[in-house]
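# Descriptive structure summary
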Amino acid sequence: AMRQPTSAALDRLASFCETGRAEFPSMTLERRDGLGRISFHHQEWLNAEDEEYQEALETLVDLALLDDAIRAVVMRGAPMTKRAYAGRRVFGAGINLTKLYEGRISLVRFMLERETGPLAKIYRGIARQDFHPDAPEDGLEKPFIGAVDGFAIGGHCQLLLILDRVLAERAAYFNLPALKEGIIPGLANLRLPRLVGERAAREGIFFNRDFVADSPQGRLLCDEVVEGDSEMEPAVERAAAELLGAGTTGLVANRRALRAGAEPIDLFRQYMATYCREQAYCLYSPSMIDNLVRNWKMRRRSNDQDGH
């Protein structure tokens, strides 16, 4: 049910198919040369995620999947306007810690809907209305490519774990600081060990380890390292051409076969049952506020004093 198209996307579909553009305050989808390009531009927050961001992402993912003229989807951060990052692209800063601290990130509307809505659609596609849990998966899905400039922190690092191709500039890094925030980093506990091994996953989740793109561990999270902004777009176009060169039938079939071996839907459900329960305890625990005060609010105060 959560992988059905949202009403917001269905309301916009005809307009998007005609214009090839849909825009929200935090991100925009454009169709160019058969590619759906989702550009993150949540400027005030360095693309940090909140409830508006999550709803925008799901709507744009729906539109990209429903539009027959789009064959693959590219996700990239736009150039930022904040003084410290002016003109530089960043992929994303993870969950919006200010709103988390203020109690404006909800368990259901953000934490649970994010995993079962937009991220599930990116990974598994839109489910058919006659979906049967015990039948082979047969949804509407397309390949997704991520282009990482700057950093992919928290939820944006989690996003990389489900994309079909990840490109990153050489100096980019990925990390999962959820433990310092006092929460569970989505499905990273299930997916990250498959890519980097369980020991490195524990280091990343428990000890806030950075995975630098141009390092042995970082290259387990990205497929190609590029020198900088000027090389990213040609790399994106090459990746899309390779993915789509033999058509999409075999590509989608292999996506489904990989999921059947790595993360069948019953395993996803089992993990989500644990995640829902434990994340509820985390989100409403006094220790979460204490963690944010010690690891985020004090750091923000120090940065403000330094003029950042």
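Quick note: structure is the one above.
Next up on the list: the sheet that holds strand 4 (residues 72-77). Read across the sheet, seven strands follow the order 1-2-3-4-5-7-10 without closing on themselves; strand pairing throughout is mixed. Strand pairing shows two members of the sheet lacking a second neighbour, strand 1 (21-23) and strand 10 (224-226), which therefore form its edges. Taking the axes of each pair of neighbouring strands and ignoring which way they run, one obtains an average angle of 15 degrees across the sheet. Contacts from helix 2 (residues 51-66) reach strand 1, strand 2 (27-32), strand 3 (35-40), strand 4 and strand 5 (144-148), with the element oriented near 15 degrees to strand 2.

Moving on, we come to the side chain of Thr-6. Tracing the sequence through the fold places Thr-6 in the segment before helix 1 (7-19). If sequence neighbours within four positions are ignored, Thr-6 has contacts with Glu-58, Thr-59, Asp-62 and Lys-121.

Sheet topology places strand 1 next to strand 2; three bridges connect them, and they run antiparallel. The residue of strand 2 that forms the bridge with Glu-23 is Thr-28. Sheet analysis places strand 2 next to strand 3, joined by six bridges and oriented antiparallel. Note that in strand 3 the partner of Arg-32 across the bridge is Leu-35. Counting the residues between successive antiparallel strands, the hairpin from strand 2 to strand 3 contains two residues, one of them, Asp-33, with a positive phi of roughly 55 degrees.

Right, let's talk about the pairing of strand 3 for a bit. Counted residue by residue, strand 3 has five buried out of six residues, so it is predominantly covered. Bridge analysis of strand 3 against strand 4 gives six bridges, and the strand direction is parallel. Among the inter-strand pairings, Ser-39 is bridged to a residue of strand 4, identified as Arg-76. Taken together, strand 3, helix 2 and strand 4 form a β-α-β motif whose crossover is right-handed.

Once that is clear, we can look at the sheet that holds strand 9 (residues 211-212). Strand order in the open sheet formed by three strands is 6-8-9, with mixed pairing between adjacent strands. Both outer strands of the open sheet, strand 6 (151-153) and strand 9, are each paired with one neighbouring strand and no more. Sheet topology places strand 6 next to strand 8 (residues 173-175); three bridges connect them, and they run parallel. Pairing of Phe-151 across the sheet is with Tyr-173, part of strand 8.

Our focus in this paragraph is the environment of Asp-223. Residue position: Asp-223 is located in the loop between strand 9 and strand 10. Sequence separation between Asp-223 and Ile-145 is 78 residues, and the spatial gap between their C-alpha atoms is 10 Å. Residues in contact with Asp-223, not counting those within four places in the same chain, are Asp-164, Arg-165 and Val-166. Engagement of the side chain of Asp-223 in a polar contact is seen with the backbone nitrogen of Val-166, the distance being 2.7 Å.

Conventions we followed
- Residues numbered from 1 in each chain as written.
- Predicted model: local features only at pLDDT ≥ 70, side-chain atom pairs only at ≥ 80, totals over all residues.
- Heavy atoms only, no water.
- Pairing = 2+ DSSP bridges.
- Helix = DSSP H or I, 4+ residues; strand = E, 2+ residues; numbered from the N terminus.
- Axes fitted to C-alpha atoms, helices over the stretch in contact; angles between N-to-C directions.
- Contact = heavy atoms within 4.5 Å.
- Buried < 20%, exposed > 50% of the residue type's maximum accessible area, 1.4 Å probe, protein only.
- Right-handed = clockwise from strand over helix to strand, strands pointing away.
- Polar contact = N/O pair within 3.5 Å; in protein donor to acceptor, adjacent residues only side chain to side chain.

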